[in-house]
Amino acid sequence: MATLNQPHEQLQTLMQAGQMSGSLGFSGLMSKEDEEMSQSALSTFKAKEEEIEKKKLEVKERVQAQLGRIEEETRRLASIQEELDALTDPMKKEVTLVRKKIDTVNKELKPLGHTCQKKEREYKEALDAFNEKNKEKVQLITRLMELVSESEKERMKKLEELSKSIETIQ
């Protein structure tokens, strides 16, 4: 990734250098050296882009080849399955019956699974709401304790003042 940003950074550096030299009062034309560096950076960038495209095509071709092999293997497996099915099985009726029962149970399990997920979500939401309210309660109790403590201090202070004023009267 860092090598891909390098030509881009070189190009930005060249552009900034061109802006800086232009702002210093030099002519708006790039020097031959700047132009060569710019062309070099641009050609490096283009070469990297072409390399990326080439690798992308190679990967795409490999994926297509793999897909072709997978399709061929799928056909082979289907053929083997047909041959296996053609073999007479002494317990075929029993196996078929058990398979049908399994399918029936699977069909019954699916809505139950959805119900469980729904109930779990509802439980989590209720638990989150409970925890949030409990947190709020703790904060309120803390605030109440602060207020009560502050009130007691104020009352004690007032009582002391009253006590002193009574003592000064005597």
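Keep in mind that what you see is a predicted model, and the values were worked out from it rather than measured.

> Can you help me understand the overall build of the protein chain in this one?
For the protein chain, the helix and strand inventory stands at three helices and zero strands. Moving toward the C terminus, one meets the helices and strands of the protein chain in the order α-α-α. Taking all 170 residues of the protein chain together, the buried fraction comes to 2%. Surface accessibility of the protein chain: about 16,100 Å² in total, with carbon and sulfur atoms responsible for 58%.

> I would appreciate a short explanation of the pattern of salt bridges in the present structure.
When their charged atoms lie close together, side chains carrying opposite charge are able to pair. Tallied over the entire structure, the rule returns four salt bridges. In this structure, the salt-bridge partner of Glu51 is Lys55, at a minimum N-O distance of 3.9 Å. Separated by four residues within a single helix, Glu51 and Lys55 lie in helix α2 (residues 32-86), roughly one turn from each other. Here Arg143 makes a salt bridge to Glu146, at a shortest N to O gap of 3.5 Å. Here Arg143 pairs with Glu146, and both are found in helix α3 (residues 92-169), just three residues apart, close to one helical turn.

> How should I be thinking about a negative patch on the surface in this particular structure?
A cluster of like negative charges, contributed by Glu122, Glu125, Asp128 and Glu132, occupies part of the molecular surface. Position of Asp128 among the secondary structure elements: in helix α3.

> Where do I start with a nonpolar patch on the surface in this structure?
A cluster of nonpolar side chains, namely Val59, Val63, Leu67 and Ile70, defines an oily patch on the protein surface of about 320 Å² accessible area. Positionally, Leu67 belongs in helix α2. For Leu67, a relative accessible area of 40% corresponds to the partly exposed category.

Reading guide: rules and limits
Here the residue numbering is sequential within each chain, running from 1 through the sequence in written order. Whole-chain, interface and lining totals are the exception, using all residues; otherwise, since this is a predicted model, local features are given only for residues with pLDDT of at least 70 and side-chain atom pairs are given and counted only at 80 or more. Derived side-chain values reflect all non-hydrogen atoms in the structure, with water molecules and hydrogen atoms excluded from consideration. We count a stretch as a helix when DSSP gives it H or I for four or more residues in a row; a strand needs E for two or more, and each element gets its number in order from the N terminus. Each residue's exposure class comes from its accessible area (1.4 Å probe, protein chains only) as a fraction of the maximum for that residue type: buried when under 20%, exposed when over 50%, partly exposed otherwise. Computed with the Shrake-Rupley method and a 1.4 Å probe, the accessible areas treat only the protein chains shown as cover for residues. Whenever Lys or Arg places a side-chain nitrogen within 4 Å of a carboxyl oxygen from Asp or Glu, that contact is recorded as a salt bridge. Each patch is assembled from residues with relative accessible area greater than 30% and no salt bridge, linking like charges that lie within 9 Å and nonpolar side chains (Val, Leu, Ile, Met, Phe, Trp, Tyr) that lie within 5 Å. The positive count covers Lys and Arg only, the negative count covers Asp and Glu only, and His and the chain ends enter neither. Charge positions are represented by NZ for Lys, CZ for Arg, CG for Asp and CD for Glu.

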